[in-house]
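In case you want the letters, here they are:
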Amino acid sequence: MHHRFDTRTKIQLDVELRLKGFSLGRFQTRDIDAMAVFIEAPGTGLQLHDVIEIDFRLDPGGRHSHSQRGVVVRCAEDGVALMFIAENAALFEALGDRLADLYPLHYSTLAS
């Protein structure tokens, strides 16, 4: 049974996943909320409770990233659901700005 506390926003963002310092590759998010994210990452071999470093690449070209740690809470054939371990105010502000650019009538900031 899956319990969600926030409504997920469907958005494709470029991310890089790292496990124990080793890159698993670049992937895309499917949806995100303030507590978790689903990443389309088939074939990574990730398992429940793995702690992952997630680098969100929010700018065109992916030159700047925001890092966030997460724990695998669900594995599926097409990807993994990760719950954020701690709040990252800079990431949430950047995500809020990105969502506000894409959906100006619905989002002013993800962090609020």
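Heads up: the structure comes first, above all this text.
Residues numbered from 1 in each chain as written. Predicted model: local features only at pLDDT ≥ 70, side-chain atom pairs only at ≥ 80, totals over all residues. Heavy atoms only, no water.

### Observations concerning the side chain of Arg57
Then step 1. Locating Arg57 in the fold gives a position in strand E5 (residues 51–57).
Then step 2. Accessibility expressed as a relative area gives 14% for Arg57, which makes it buried.
Then step 3. One polar contact links Arg57 to Glu16, side chain to side chain, over a distance of 2.8 Å. (Helix = DSSP H or I, 4+ residues; strand = E, 2+ residues; numbered from the N terminus. Buried < 20%, exposed > 50% of the residue type's maximum accessible area, 1.4 Å probe, protein only. Polar contact = N/O pair within 3.5 Å; in protein donor to acceptor, adjacent residues only side chain to side chain.)

### Thoughts on the pairing of strand E4 (residues 36–40)
In summary, the side chains of a regular strand alternate between the two faces of the sheet.
Then step 1. Of all five residues in E4, four are buried; the element is thus mostly enclosed.
Then step 2. Note: strand E3 (residues 22–32) against E4, four bridges, orientation antiparallel. By the bridge assignment, Ile32 is partnered in E4 with Val37.
Then step 3. If you look at the hairpin formed by E3 and E4, you'll find three residues sitting between the two strands.
Then step 4. Pairing of E4 with strand E7 (residues 79–84), which is carried by four bridges, proceeds in the antiparallel orientation. If you follow Ala36 over to E7, its bridge partner there is Met83. (Pairing = 2+ DSSP bridges.)

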